[in-house]
Amino acid sequence: RTVGLSDYDGMITGAYTVMQPNDNFDKSFLYYFYLNLDSDKRMKPLYTGLRNTISKENFFSFRVFVPPLPEQSAIASFLDRKTAQIDQAIAQKERMIELLKERRQILIQNAVTKGLDSTVKMKNSGVEWIGEIPEHWIVKRLKYVLKERNERSANGEEPLFMMSQTHGLVVRADYHSKAEVAQSSEGNKIVYKNDLVFNKLKAHLCVFFKSNLDVKGIVSPDYAVYYSTGVIEDLKYLELLFRNPEYIKEFICRATGIVEGLIRLYTSDLFDIPVAVPPIKEQMGILEFINSSSQKISLAISLKEKEIEKFKEYKATLINSAVTGKIKVC
């Protein structure tokens, strides 16, 4: 957005130009007027330079046709009311999306820490921060659940993987050009499907994902790669469990370093952390439940996002119709 209307006194960077309308113009009307031009990219011919800036001279030379001041004020007042209603509706939809995301997270964390049967008998896990767990679950330290994979690439010709907070573990070439990839990946760590990849410097930020990729690939030597000993059938279970706030606290407590970005969680410290483990059949049932429930919630979120886009489109259309005289506002 290239135009804004200030409701208070303050200051901004010198990259912006501040203008005060003269007495023949309503500043709120001008805001909507130029907002409409901006949304339609009709001010693009005024752009100059590599950064597509609009000089003060070009802006002031731009010829426009506006209605008389009383009509400007009427249009601005109408749009103030209507856009406030639309913004409120959008805010409600956004809040619903946040609640759906919170519900999904609570659902996942309850499932991986307590199971799906609310009537099952519970027992003390023996670990204060884990608390009670289903009676038939067992507690094991991660050194009995995971093994570190130190297999290295001989020539670096395998697909290079990277971790994305949005997409998980992905093939880097699908998201970045080859020019951005290091010249040699020789000696990078090998990753197989169902391995759990950890960014040791960012474990406390939940930067770890199970590989769902069908191909063998490689990751940076700075990452840690783990595979299951058989206690956990699908390491997606641990990926979800490790997002529990209590596990994040453990990662932070056991990590070494004092500077943000250089806090490293070593394998020996990770392997000392206990986890509550259900039987394999129950693990798979929990994952199926989480997958099914998450899909439903994701669909609901997607529908809300589409509704928000429609509100935004309606708002833009309404502003356009009002400032160009296509509709009567009084």
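In this text the structure is predicted, and so the values were computed from the model without any measurement. (Residues numbered from 1 in each chain as written. Predicted model: local features only at pLDDT ≥ 70, side-chain atom pairs only at ≥ 80, totals over all residues. Heavy atoms only, no water.)

S.K.: Residue-level account of the packing of helix H1 (residues 27-39) against helix H7 (residues 280-323), with values.
M.R.: H7 packs onto H1 with a crossing angle of 115 degrees between their chain directions and a minimal axis gap of 9 Å. Where H1 crosses over H7, the handedness of that crossing is left-handed. Contacts between H1 and H7 involve Phe29, Tyr32, Phe33, Leu35 and Asn36 from the first element and Ala316, Ile319, Asn320 and Val323 from the second. Among the residues forming the contact of H1 with H7, the class breakdown is seven nonpolar, two polar and no charged. (Axes fitted to C-alpha atoms, helices over the stretch in contact; angles between N-to-C directions. Helix = DSSP H or I, 4+ residues; strand = E, 2+ residues; numbered from the N terminus. Left-handed = near helix turned anticlockwise from the far one by under 90°. Contact = heavy atoms within 4.5 Å. Nonpolar A, V, L, I, M, F, W, Y, C, P; charged D, E, K, R; others polar.)

S.K.: Residues and numbers for the layout of surface pockets, please.
M.R.: Volume-wise, the second largest pocket comes out at about 750 Å³. Taken together, 26 residues form the lining of the second largest pocket, with Ile108, Lys236, Glu239, Leu240 and Arg243 sitting closest to its centre. Of all the secondary-structure elements, those providing two or more residues to the lining of the second largest pocket are helix H3 (69-114), strand S6 (168-171), strand S9 (208-210), helix H4 (236-241) and H7. It is H7 that provides the largest number of residues to the lining of the second largest pocket, a total of seven residues. In the lining of the second largest pocket, the residues fall into eight nonpolar, ten polar and eight charged. (1 Å grid on protein atoms, 1.4 Å probe; cavity = no way out; pocket = protein on both sides within 12 Å on 5 of 7 lines; lining within 4 Å. Points joined across faces, edges and corners; volume = space filled by probe spheres on them.)

S.K.: For the state of the cysteines, give the residues involved together with the corresponding values.
M.R.: For the structure on display, the rule yields zero disulfides. Cys206 takes part in no disulfide bond, and the closest cysteine sulfur to it belongs to Cys253, at a distance of 14 Å. (Disulfide = S-S within 2.5 Å.)

S.K.: Please provide a residue-by-residue account of unusual backbone geometry, values included.
M.R.: Across residues other than glycine, the phi torsion is negative in most instances, and most of the peptide bonds are trans. The backbone of Asn194 sits at a positive phi, close to 80 degrees, despite the residue not being glycine. Here Asn194 lies in the loop between strand S7 (189-191) and strand S8 (196-199).

S.K.: Give a detailed account of the environment of Pro274, specifying residues and quantitative values.
M.R.: Following the sequence through the fold, Pro274 ends up in strand S12 (residues 274-277). Excluding anything up to four places from it in sequence, Pro274 contacts Val127, Trp129, Ile130, Val139, Lys140, Arg141, Tyr247 and Arg254.

S.K.: Before we move on, can you summarise the pattern of salt bridges with the specific residues and values?
M.R.: Counted by the stated rule, this structure contains 15 salt bridges. One salt bridge connects Arg141 with Asp272, and the closest N-O pair in it is separated by 3.8 Å. Pair noted here: Arg141 is in strand S3 (residues 138-141) and Asp272 is in the loop between helix H6 (267-270) and S12, with a separation of 131 residues, a long-range link. Take Arg141: its relative accessible area is 36%, and that puts it in the partly exposed class. The partner of Glu239 in a salt bridge is Lys236, with the nearest N and O atoms 2.9 Å apart. One end of the pair is Glu239 and the other is Lys236, both in helix H4 and three residues apart, which spans about a single turn. Overall, the relative accessible area of 28% leaves Lys236 in the partly exposed class. Taken together, the shared-partner salt bridges connect Arg141, Glu250, Arg254 and Asp272 into one network. (Salt bridge = Lys/Arg side-chain N within 4 Å of Asp/Glu carboxyl O. Buried < 20%, exposed > 50% of the residue type's maximum accessible area, 1.4 Å probe, protein only.)

S.K.: Now, about the pairing of S8: what can you tell me, with residues and values included?
M.R.: Neither face of S8 is open: one carries Leu196 and Phe198, the other Val197 and Asn199, and all of them are buried. Inspection of the sheet shows S8 paired to S9 by three bridges, in the antiparallel sense. The partner of Phe198 across the bridge, within S9, is Phe208. Bridge count for S8 against strand S11 (residues 223-228) is four bridges, and the pairing is antiparallel. When the sheet's bridge partners are listed, Leu196 is paired in S11 with Tyr226. (Pairing = 2+ DSSP bridges.)

S.K.: With reference to specific residues and values, describe the sheet that holds S8.
M.R.: Taken in spatial order, the four strands line up as S4-S11-S8-S9 in an open sheet, and their pairing is antiparallel. Of all the strands in the sheet, just strand S4 (146-148) and S9 have a single pairing partner and so form its edges. Sheet twist, expressed as the average angle between the axes of neighbouring strands with direction ignored, equals 25 degrees. Bridge count for S4 against S11 is three bridges, and the pairing is antiparallel. Bridge pairing in S11 links Leu146 to Ser228.

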